[in-house]
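# Analysis of the macromolecular model
Chain by chain, the residues run as shown.
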Amino acid sequence: MVQKLNTAERAELASTLPGWSMVEGEDAIRRDFTFEDFVQAWGFMAKVALLAQAQDHHPDWRNVWNKVQITLSTHDAGGLSARDVKLARAIDAL
């Protein structure tokens, strides 16, 4: 079973995932991305989809024209887990 992040691990998120922020009212992290246009945003989403599929961990996301919002939380754990941190780092590396 996947475990939620502990207090110390959560405290490290601000320094290890600087572009991500906690979602108010949820045990999740979110990041907003902005691109030149819809095609670039869609291309980014396709790359994230391949990462997510390879990790068997799929984000909640929203796309409006050149903007992509990604929210990560591990439903099996009932909140943030190391799986979210791993996927967030992989997304940041794109």
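Look up a bit, the structure's there.
Presented here is an overview of the structure given in this document. (Residues numbered from 1 in each chain as written. Predicted model: local features only at pLDDT ≥ 70, side-chain atom pairs only at ≥ 80, totals over all residues. Heavy atoms only, no water.)

### As for the pairing of strand β4 (residues 67-72)
Note the following rule: Two strands make a pair as long as DSSP finds a minimum of two bridges between them. Only DSSP runs of H or I with at least four residues qualify as helices, and only runs of E with at least two residues qualify as strands; both kinds are numbered from the N terminus onward.
Here strand β2 (residues 29-34) pairs with β4 via 6 bridges, running antiparallel. What sits directly across from Thr34, in β4, is Lys67. Bridge analysis of strand β3 (residues 60-64) against β4 gives 5 bridges, and the strand direction is antiparallel. Counterpart to Arg62 in the pairing with β4 is Gln69. Remark: 2 residues form the turn of the hairpin made by β3 and β4, two consecutive strands paired antiparallel; Trp65 in that turn has positive phi of roughly 45 degrees.

### Focus on the sheet that holds strand β1 (residues 21-22)
Put simply, the rule reads: In this description, contact between two residues means that some pair of their heavy atoms is separated by no more than 4.5 Å. To define axes, lines are fitted to C-alpha atoms, for helices over the stretch in contact only, and angles between the resulting N-to-C directions are given on a 0 to 180 degree scale.
The strand order across the open sheet formed by 4 strands is β1-β2-β4-β3, and the pairing between neighbours is antiparallel. The open sheet has two edge strands with one neighbour each: β1 and β3. Across 2 bridges, the pairing between β1 and β2 is antiparallel. Across the sheet, Ser21 pairs through a bridge with Arg30, a residue of β2. Running at roughly 165 degrees to β3, helix α2 (residues 38-55) makes contact with β2, β3 and β4 of the sheet.

### Regarding the nonpolar core
For soluble globular proteins, the rule of thumb is that nonpolar side chains tend to be buried together. Which entries qualify depends on this criterion: Side-chain atoms within 4.5 Å link the members of a nonpolar core, which is a set of buried Ala, Val, Leu, Ile, Met, Phe, Trp, Tyr and Cys residues. The rule is simple: take the accessible area with a 1.4 Å probe, protein chains only, and divide by the maximum for that residue type; under 20% is buried, over 50% is exposed, in between is partly exposed.
Counting residues in each nonpolar core, the largest one holds 19 residues, and the members touching the most others are Trp20, Ile29, Phe33, Phe44, Val68, Ile70 and Ile91. Elements supplying a minimum of two residues to this core: β2, α2, β4 and α3 (82-92). Setting aside chain neighbours within four positions, we find Trp20 in contact with Ile29, Arg30, Arg31, Phe33, Ile70, Leu72, Ala88, Ile91 and Asp92.

### Focus: the packing of aromatic side chains
Put simply, the test is: Paired rings are identified among Phe, Tyr and Trp, the last through its six-membered ring, by centres lying within 6.5 Å, and are further divided according to the angle between planes into stacked (under 30 degrees), edge-to-face (over 60) and tilted (the rest).
Inspection of the entire model under this criterion finds 5 aromatic pairs. Taking the centre distance of 6.4 Å and the plane angle of 75 degrees together, the rings of Trp20 and Phe33 count as edge-to-face. Of the two residues, Trp20 is situated in the loop between α1 (7-16) and β1 and Phe33 in strand β2; the sequence distance between them amounts to 13 residues. No difference in accessibility class separates Trp20 from Phe33, as the two residues are buried. Seen from their ring centres, Phe35 and Phe44 are 4.9 Å apart, and the 40 degrees between their planes marks the pair as tilted. An aromatic cluster is present here, built from Trp20, Phe33, Phe35 and Phe44 joined pairwise through their rings.

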